[in-house]
Amino acid sequence: MTDKKVDIAVVGATGIVGETMLAILKARRFPVGKVHALASQRSVGKRVAFGDKYLVVRDLAGFDFSQVRIALFSAGAAVSAEYVPKAVEAGCICIDNTSQFRHESDIPLVVPEVNPERVADYRQRGIIANPNCSTIQLMVALKPIHAAVGIERINVCTYQSVSGAGRRAIEELAGQTARLLNGQSIKPLVFAKQIAFNVLPQIDDYMENDYTREEMKMVWETRKILGDESLRVNPTAVRVPVFFGHAAAVHIETGEKIGAQEARNLLLNSPGIELLDESIDGGYPTPVTESAGHDGVFVGRVREDISHPRGLNLWIVSDNVRKGAALNTIQIAEILEKDYL
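Residues numbered from 1 in each chain as written. Predicted model: local features only at pLDDT ≥ 70, side-chain atom pairs only at ≥ 80, totals over all residues. Heavy atoms only, no water.

## A closer look at the side chain of Lys 217
Okay, so step 1: Assignment of secondary structure puts Lys 217 in helix 6 (residues 213-226).
Okay, so step 2: According to the relative accessible area criterion, Lys 217 is buried, its value standing at 11%.
Okay, so step 3: With near-sequence residues (within four places) excluded, Lys 217 lies in contact with Ser 99, Arg 102, Asn 132, Thr 135, Asp 204 and Thr 222. (Helix = DSSP H or I, 4+ residues; strand = E, 2+ residues; numbered from the N terminus. Buried < 20%, exposed > 50% of the residue type's maximum accessible area, 1.4 Å probe, protein only. Contact = heavy atoms within 4.5 Å.)

Okay, here's the thing in structure tokens:
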């Protein structure tokens, strides 16, 4: 990092991801000048932590974005749709953590361990998009294999924690669990069905092809990030009663044959990946014991597919709030600051 300071706005500062962005900015010693914590009118005046100090939350609607060089958005797609263009017009570079701009061809979709060179494309619109949380961890784990032997097809089933649906979803899981353990009835509000002690094979709305939007995000985003529109992706997204950390059972068909040990060696020497892969009891990562609160993408259960000559299986786990959202955003900002400002 250089000695120059960068003034930053965090939009959605009172949300789980916004709070984590502020924590990571401080922990990674990003060269911030002034930090502005922004949210909707109902959160104005609240305080959010920034290291050992607190920032007073200001009203997004009245903020002058010409005061900052970079804005980190994580307040929902509708908010980004309204305010990102205003921020860009004021001369601010926006890194958007919502789905609003991910599929637009002239806006880069970046995972720093995978396609950092695409950060340069911010010049086209002044915007960089952060991918979906499940896509990020999938891309970090598959990039070294894709680069080495190519990937023709990805079959993935995600097991996603409730924090991916926000603070109310966390509260619903906690509340339902407590009530059920005390013999009380529950009424789902955030999810379509009971989430405590249950799994739900639906995340987001259904689309015309009967896949959900969350599932199709993985298709669109994977192709865009890897630059391969011919890549076949077959996803199923499942919500599980875990607070933090997404997991994915991944089955890939490679362009060339690769053995499990060769794949392990590639993963072991790739940025952002932590390999925990032993064929013993507990020799694999889980959301609770490894990924929650940590930055790495953890990979285990690496093995050759006994049903396909070029098949490979992996188990991938990562903290969806950190690497799946806040950390990835800050890593993009670090590249932007180091190489382009």
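Having seen the model, we can carry on.
## Quick look at the pairing of strand 1 (residues 6-11)
Okay, so step 1: Taking burial as the measure, the 6 residues of strand 1 include 5 buried ones, the bulk of the element.
Okay, so step 2: One ladder, built from 5 bridges, connects strand 1 with strand 2 (residues 32-39); its direction is parallel. When the sheet's bridge partners are listed, Ile 8 is paired in strand 2 with Val 35.
Okay, so step 3: In the classification by handedness, the crossover that spans strand 1, the intervening helix 1 (residues 16-27) and the parallel strand 2 is right-handed.
Okay, so step 4: Relative to strand 6 (residues 70-73), strand 1 is paired through 4 bridges, and the arrangement is parallel. From the neighbouring strand, Ile 8 faces strand 6, where its bridge partner is Ile 70. (Pairing = 2+ DSSP bridges. Right-handed = clockwise from strand over helix to strand, strands pointing away.)

## Regarding the packing of aromatic side chains
Okay, so step 1: According to the stated counting rule, one finds 4 aromatic pairs in the structure shown.
Okay, so step 2: When the centroid spacing of 5.0 Å and the interplanar angle of 85° are considered together, the rings of Phe 63 and Phe 65 count as edge-to-face.
Okay, so step 3: Overall, the relative accessible area of 8% leaves Phe 63 in the buried class.
Okay, so step 4: Under the relative-accessibility criterion, Phe 65 is labelled buried at 4%.
Okay, so step 5: Residues Tyr 122 and Tyr 340 carry aromatic rings whose centres are separated by 6.1 Å and whose planes lie at 70° to one another, so their mutual orientation is edge-to-face. On the criterion of sequence distance, the pair formed by Tyr 122 in helix 3 (residues 122-125) and Tyr 340 in the segment after helix 9 (322-339) is long-range, its members being 218 residues apart.
Okay, so step 6: Here a set of aromatic residues connected by ring pairs shows up, and it is made of Phe 63, Phe 65 and Phe 73.
Okay, so step 7: Sitting over the ring of Tyr 54, Arg 47 keeps its end group 4.5 Å from the ring centre. (Phe/Tyr/Trp six-rings, centres within 6.5 Å; stacked < 30°, edge-to-face > 60°. Lys NZ or Arg CZ within 6 Å of the ring centre and 35° of its normal.)

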